[in-house]
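# Residue-level structure breakdown
Spelled out, the chains give:
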Amino acid sequence: RKEVEQDPGPFNVPEGATVAFNCTYSNSASQSFFWYRQDCRKEPKLLMSVYSSGNEDGRFTAQLNRASQYISLLIRDSKLSDSATYLCVVGGATNKLIFGTGTLLAVQP
Amino acid sequence: GAVVSQHPSWVICKSGTSVKIECRSLDFQATTMFWYRQFPKQSLMLMATSNEGSKATYEQGVEKDKFLINHASLTLSTLTVTSAHPEDSSFYICSARQKETQYFGPGTRLLVL
């Protein structure tokens, strides 16, 4: 079983749609959780950290369920510029980050 | 946010050549940097943790004699791919940690012919 699992997609959605990505992790001792965005042939960039209380940043909402070892990302009112690969990332006590394979989002005009 | 640079951005070389990649934290000091590798359509895989002033810590399956890491200062870590072969062709990305966030360099594309 992979340490961080994501649906690879692709998710093809029209502009303005709401889309949700899910991620599960296997190590119950994981301590930090993030969503990164990676554009084609570019480095990952931090989208947002994920907290147990949930957090929202504009059109993006992230949730963490430690009991189920599950992380989610919700994107509202999708824009063409949201098209990218979204990486679920989990960190442990040693600052190592474990990346999921990513979920590809394609927002269609 | 913090900035991490990498040089070169891409390299094409012949099999058997050694290739050095530099990773610099431009506006902060990083005692720890990380080196990742990403093959097409796969996730980033941590290769090693680079520690300033001490030996790097390699992940299981990564040959330390093939991937030489030197972290000589608080702003510079280098990764040398020794005697590169076509299977080493990949996207190599470094990151540096500042407080709770890891910032990634723009990556280096290596193509070994």
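Here, the structure is the one placed above.
Procedures and definitions
Residues numbered from 1 in each chain as written. Chains lettered and ligands numbered in written order. Predicted model: local features only at pLDDT ≥ 70, side-chain atom pairs only at ≥ 80, totals over all residues. Heavy atoms only, no water. Disulfide = S-S within 2.5 Å. Helix = DSSP H or I, 4+ residues; strand = E, 2+ residues; numbered from the N terminus. Buried < 20%, exposed > 50% of the residue type's maximum accessible area, 1.4 Å probe, protein only. Contact = heavy atoms within 4.5 Å. Buried area = accessible area lost by both parts, 1.4 Å probe. Salt bridge = Lys/Arg side-chain N within 4 Å of Asp/Glu carboxyl O. Polar contact = N/O pair within 3.5 Å; in protein donor to acceptor, adjacent residues only side chain to side chain. Nonpolar A, V, L, I, M, F, W, Y, C, P; charged D, E, K, R; others polar.

Moving on, we come to the state of the cysteines. The final tally for this structure, using the stated rule, is two disulfides over all chains. Here cysteine 23 of chain B pairs with cysteine 94 of chain B through a disulfide, and the sulfurs are 2.0 Å apart. Across the disulfide from cysteine 23 of chain B to cysteine 94 of chain B, rotation about the S-S bond amounts to roughly 80°, and the bridge is consequently right-handed. Residue cysteine 23 of chain B is found in strand β3 (residues 19-25), and its partner cysteine 94 of chain B is found in strand β9 (residues 90-98); the two are separated by 71 residues along the sequence. A relative accessible area of 0% places cysteine 94 of chain B in the buried class. For cysteine 40 of chain A, which is in no disulfide, the shortest distance to another cysteine sulfur is to cysteine 94 of chain B and amounts to 20 Å. Judged by its relative accessible area of 68%, cysteine 40 of chain A falls in the exposed class. The structure places no disulfide on cysteine 13 of chain B, whose sulfur is separated from the nearest cysteine sulfur, that of cysteine 94 of chain B, by 19 Å.

Another point: the interface of chain B and chain A. Often the size quoted for an interface is simply the accessible area lost on bringing the parts together. Listed by partner, the interface residues are 17 residues for chain B and 15 residues for chain A. Taken together, both faces of the contact between chain B and chain A bury some 1400 Å²; the carbon and sulfur share is 56%. The tally of links from chain B across to chain A stands at one salt bridge. Here glutamate 59 of chain B and lysine 96 of chain A are joined by a salt bridge, their closest N and O atoms 2.9 Å apart. For the pair chain B and chain A, the interface holds three residue pairs in polar contact (both at pLDDT 80 or more). Listing elements by their share of the side of chain B that touches chain A, those giving two or more residues are β4 (32-38), β9 and β10 (101-104) of chain B. Among the residues forming the side of chain B that touches chain A, the class breakdown is eight nonpolar, five polar and four charged.

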